[in-house]
Amino acid sequence: MDRFSWTNGLLEINETLVIQQRGVRLYDGDDKAKMDVGVALLSTHRLIWRDNKNHECCIAMPLSQILFFEEQAGGIGKSAKIVIHLHPTPPNKEPGPYQQSKYSYIKLSFKEHGQIEFYRRLTEEMTKRRWENTPVSQPIPTGTGLQAGRTRAVGIVGIERKIEEKRKETDKNISEAKEMVELSKSIANKIKEKQGDITEDETIRFKSYLLSMGIADPVTRETHGSGTHYHMQLAKQLGDMLQAPLEERGGMMALTEVYCLVNRARGMELLSPEDLVNACKMFESLKLPLRLRVFDSGVMVVQLQSHSEEEMIASALDNVSDKGSLTAEEFAKLLGLSVLLSKERLLLAEKMGHLCRDDSVEGLRFYPNLF
Amino acid sequence: MSFEWPWQYNFPPFFTLQPNADTRQKQLEAWCSLALSYCRHHKLYTLDVMEAQESPMFNNKKIERKLSMEAIQIVFEELRKKGNLEWLDKNKLRCLVMWRRPEEWGKLIYQWVSKNGMVNSVFTLYELSNGDDTQGEEFHGLEEWMLLRSLQALQTDGRAEIISMDDGKGVKFF
């Protein structure tokens, strides 16, 4: 709620009203804001809210402040809401009803309905971004970049930061991709017209693009055919590629994580899930230092052969003993691993008899096996 | 003297049926032991399964954990296999709890009889369970059905004979 500024509620030139809805209560994060129920107004430039009883109480926020938003369905005794996640406060923001807030999101609670239309219009305005084309006289500060020195955050702040980074990355990728498309076109044309060779220079440039995306020489079905030979080559490539990521993650990755990692790096000639699994099944026969492993629950992981099971279980027992008891979620947070893999680890330790379980309405919790 | 709970009683996992076979075995043994001690302490000879689920024996309000009906049935089955429990009905809702098996009672009674040089005497059942002479003995106050089974066990062993008398049963020890 600290992103809002006081306003007189009048629209500027070039600013038009899109939709307004009565019966809206504001929430600062999960807490009810100190205002009463009022009217929410959406313009091409701002999100405005005005108190029903006291029309002087009027606040607004530029739409550029909005990071993303989502619907929250209502229930019995609960109105439907729109949750709006916001960029950090810009330094030159005008004063508003809240000096500071521990939340970086607000909610609009629609006590007299209207959320469906409001959400639709908000989506439209956020797509069109009309405020960028027609700036108004009031200063509308845009969401600034990251504050320097912010420590690694989990939760919404971390996600927001990642979204910012991704956006910048995407912009960079788009400009790089343009270059690459030009190059590919020129190569394709040359091949088509059988005009001379592809110069060594072009080949080198092409390969350097691939390298920057993480693939030195993509093994494709064309170059190596399909079937076992293809899978063999693929397995060897995976063996190289996954070494570092596996070590970073303590020697084990869920197969789904591997799939995402590999395909993100390849960029083109994506792997199908079947090809990935078939390649992974060949690790052992090819004497590669990786293994595909299936847990009792059906979860499939790729793990380093050097990965020590006993160490993993012993450390799990240490962690649990240290804290008295742990849930899979708590353990995941402790290790920085996914909840899926953490749970597998705990289940394995239980299978070996080092841990026992407490299953109650509070959830599933693991204790050292004192029996 | 108030009942002393075993350490497991305050350990939340104790109330969850453990999937690991070895762990489960130890868990069940502890439950059997607790159930029998509890019954012995409170001199309970029969149990109603529904009531048992809510009683402190299977329900620790302090840590907000209780044994599920499924787990209770498994514990009772263990006790039955060991000879400490007998179902009174087909639906398995009521049972006899023998925190001491009939053979064990029989042995105790016989020891008392022989210690006091009363072998070859005849006793009524009442004298044994409620007589002044047996005051202070562990089997004093034993319920009749249990006493009868104990004496039957001795009879099988050839150390006693149950006889019918005018107003009830009696027993002669050899």
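Fair warning: this is a prediction, and the values are worked out from it, not measured in the lab.

J.: Would you mind showing me how to read the overall build of chain B here?
T.: Along its length, chain B carries six helices and eight strands. Starting at the N terminus, the α and β elements of chain B follow one another as α-β-α-β-β-α-β-β-α-β-α-α-β-β. Here chain B, with 174 residues, has 44% of them falling under the buried criterion. The long-range fraction of contacts in chain B, counting pairs at least 24 apart against all pairs at least 6 apart in sequence, stands at 53%. Summed over its atoms, the accessible surface of chain B is roughly 9500 Å², and 46% of this surface lies on carbon and sulfur atoms.

J.: Looking at this model, I keep getting lost on the overall build of chain A. Mind explaining?
T.: In terms of helices and strands, chain A carries twelve helices and 15 strands. In chain A, which comprises 371 residues, the proportion classed as buried is 43%. Within chain A, residue pairs in contact and separated by at least 24 positions form 58% of the contacts whose partners lie at least 6 positions apart. Counting only carbon and sulfur atoms, one obtains 53% of the accessible surface of chain A, whose full area is about 20700 Å².

J.: Sorry if this is basic, but what is going on with helix α6 (residues 144–156) of chain B here?
T.: Three or four residues apart is the spacing at which side chains of an α-helix point the same way, because the helix has 3.6 residues per turn. All names here are of chain B. Taking 1.5 Å of rise per residue, 13 residues should cover 18 Å, and α6 covers 18 Å from first to last C-alpha, within 8% of that figure. Buried residues of α6: Met-146, Leu-147, Leu-148, Ser-150, Leu-151, Ala-153 and Leu-154, and no others. Buried residues along α6 sit against α4 (102–115), α5 (125–130), β7 (160–165) and β8 (168–173). Where α6 ends, the next residue or the one after it, Gly-158, has phi of about 80°, a positive value.

J.: Looking at this structure, how should I read the confidence of the model for chain B?
T.: A low pLDDT means the predicted coordinates there should not be read in detail. Per-residue pLDDT for chain B has a mean of 89; in total, 99% of the residues score no lower than 70. ipTM for the predicted complex: 0.79, alongside a pTM of 0.51.

J.: Would you take a moment to explain the interface of chain B and chain A for this structure?
T.: In many reports, interface size means the accessible area that the parts give up when they come together. Taken together, the 15 residues of chain B in the interface contact 15 residues of chain A. Roughly 1300 Å² of surface becomes buried between chain B and chain A when both sides are summed, with 62% attributable to carbon and sulfur atoms. Run the count over chain B and chain A and you get two salt bridges. The salt bridge partner of Arg-65 of chain B is Asp-358 of chain A, with a shortest N-O separation of 2.8 Å. Here the side of chain B that touches chain A gets three residues from one element, more than from any other, and that element is helix α1 (residues 21–41) of chain B. Here the residues of the side of chain B that touches chain A sort into six nonpolar, six polar and three charged.

J.: Honestly, the packing of aromatic side chains in this entry has me stumped. Any pointers?
T.: Between two aromatic rings, the relevant description is the distance of the centres plus the angle of the planes. Within the structure shown, the criterion is met by 26 aromatic pairs over all chains. Seen from their ring centres, Phe-3 of chain B and Trp-5 of chain B are 4.9 Å apart, and the 90° between their planes marks the pair as edge-to-face. Measuring from ring centre to ring centre gives 5.5 Å for Trp-31 of chain B and Phe-58 of chain B, while their planes differ by 45°; the resulting arrangement is tilted. Linking Trp-31 of chain B in helix α1 with Phe-58 of chain B in the loop between α2 (49–54) and β2 (59–60), this pair joins segments that are 27 residues apart in sequence. The residue whose ring lies beneath Lys-34 of chain A is Tyr-98 of chain A, and the NZ or CZ to ring-centre distance is 4.6 Å. The cationic tip of Arg-100 of chain B hangs over the ring face of Trp-105 of chain B; the distance from NZ or CZ to the ring centre is 4.9 Å.

J.: Just to check I follow, could you spell out unusual backbone geometry for this structure?
T.: One can expect most non-glycine residues to show negative phi and most peptide bonds to be in trans. Even without glycine at this site, His-113 of chain A takes up a positive phi of about 60°. With respect to the helices, strands and loops of the structure, His-113 of chain A is situated in the loop between β9 (105–110) and α1 (115–128). Given a relative accessible area of 57%, His-113 of chain A falls into the exposed group. Of note in the backbone geometry, Lys-92 of chain B takes a positive phi value of approximately 60° without being a glycine. Residue position: Lys-92 of chain B is located in the loop between β4 (85–87) and β5 (94–97).

J.: In this structure, what is going on with the side chain of Lys-81 of chain A? I would like to understand it.
T.: Residues and elements named next belong to chain A. Looking at where Lys-81 falls in the secondary structure, it is placed in strand β8 (residues 80–86). Buried within the structure, Lys-81 lacks any salt-bridge partner; Asp-30 is the closest side chain of opposite charge, at an N-O distance of 8.8 Å. A distance of 3.2 Å separates a polar atom in the side chain of Lys-81 from the backbone oxygen of Ser-79. Non-local contacts of Lys-81, meaning those with residues more than four positions away in its chain, are made with Tyr-27, Glu-70, Glu-71, Gln-72, Lys-107, Leu-108, Ser-109 and Phe-110.

J.: Got a minute to help me understand the packing of helix α6 (residues 228–241) of chain A against helix α8 (residues 255–266) of chain A in this structure?
T.: Geometrically, a packed helix pair is captured by the angle between its two axes and the distance between the axes. Residues and elements named next belong to chain A. Viewed as axis vectors pointing N to C, α6 and α8 meet at an angle of 95°, and their least axial separation amounts to 12 Å. Of the possible angle classes, the one that applies to α6 and α8 is roughly perpendicular. Residues Leu-234, Gln-237, Leu-238 and Met-241 of α6 form the contact with α8, whose own contacting residues are Leu-261, Val-262, Ala-265 and Arg-266.

J.: It is not clear to me how the sheet that holds strand β12 (residues 300–304) of chain A should be interpreted in this structure. Could you clarify?
T.: Residue and element names in this part refer to chain A. Reading across the sheet, the three strands line up as β10-β12-β11 and stay open at both edges, with antiparallel pairing between neighbours. With one partner strand each, in any of the chains shown, β10 (252–254) and β11 (290–294) form the two edges of the open sheet. Going across the sheet, the axis of each strand differs from the next one's by a mean of 25°, ignoring polarity. Sheet analysis places β11 next to β12, joined by five bridges and oriented antiparallel. Among the inter-strand pairings, Leu-290 is bridged to a residue of β12, identified as Leu-304. Each of β10, β11 and β12 is contacted by α8, which is oriented at about 85° to β10, the strand it contacts most.

J.: Would you take a moment to explain the sheet that holds strand β6 (residues 122–124) of chain B for this structure?
T.: Within a sheet, each strand pairs with its neighbour through backbone hydrogen bonds, oriented either parallel or antiparallel. All names here are of chain B. Read from one edge to the other, the open sheet built from three strands follows the order β6-β8-β7, with strand pairing classed as antiparallel. Whereas interior strands pair on both sides, the edge strands pair on one side only; in this sheet they are β6 and β7. Neighbouring strand axes in the sheet, compared pairwise and without regard to direction, differ in orientation by 30° on average. Taken together, the three bridges between β6 and β8 define a ladder with antiparallel strand orientation. Bridge pairing in β8 places Phe-123 opposite Val-171.

What counts and how
- Sequence order as written defines the numbering, with residues in each chain counted from 1.
- Chains carry letters and ligands carry numbers; both start at the beginning, A for chains and 1 for ligands, and go up in the order they are written.
- Where totals are concerned, whole chains, interfaces and linings use all residues; where local detail is concerned, this predicted model gives features only for residues with pLDDT of at least 70, and gives and counts side-chain atom pairs only at 80 or more.
- The basis for every side-chain value is the complete set of non-hydrogen atoms in the structure, without hydrogens or water.
- The secondary structure listing takes helices from DSSP runs of H or I that are at least 4 residues long and strands from runs of E that are at least 2 residues long, numbered from the N terminus.
- For every residue, the accessible area obtained with a 1.4 Å probe (protein chains only) is divided by the maximum for its type, and the residue is called buried under 20%, exposed over 50%, and partly exposed between those limits.
- We call two residues contacting when some pair of their heavy atoms lies within 4.5 Å.
- Each accessible area is a Shrake-Rupley estimate made with a 1.4 Å probe; only the visible protein chains count as cover when residues are assessed.
- Helix span, as expected, comes to 1.5 Å for every residue beyond the first.
- The pLDDT value tells you how sure the predictor is about a given residue, anywhere from 0 up to 100.
- Note on terms: buried area is the combined drop in 1.4 Å-probe accessible area of two parts once they are placed together, counting the loss on both.
- Counted as salt bridges are all cases of a side-chain nitrogen of Lys or Arg within 4 Å of a carboxyl oxygen of Asp or Glu.
- Under the scheme applied here, ten amino acids are nonpolar (Ala, Val, Leu, Ile, Met, Phe, Trp, Tyr, Cys and Pro), four are charged (Asp, Glu, Lys and Arg), and all others, including Gly, are polar.
- Centre distance within 6.5 Å is the pairing criterion for rings of Phe, Tyr and Trp, where only the six-membered ring of Trp is used; planes under 30 degrees apart are then read as stacked, over 60 as edge-to-face, and the remainder as tilted.
- Our definition puts a charge over a ring when NZ of Lys or CZ of Arg is within 6 Å of the ring centre and also within 35 degrees of the ring normal.
- Note that His is not counted, nor are the chain ends; the positive residues are Lys and Arg, and the negative ones are Asp and Glu.
- Side-chain atoms alone can form a polar contact between residues adjacent in sequence; in general such a contact is a pair of N or O atoms within 3.5 Å, and within protein one must be able to donate a hydrogen while the other accepts it.
- To get an axis, fit a line to the C-alpha atoms, keeping to the stretch in contact for a helix; angles then go from 0 to 180 degrees between the N-to-C directions.
- These descriptions rest on fixed angle ranges, namely under 35 degrees for roughly parallel, over 145 for roughly antiparallel, 65 to 115 for roughly perpendicular, and the rest for oblique.
- Strand pairing is assigned whenever DSSP identifies at least 2 bridges connecting the two strands.

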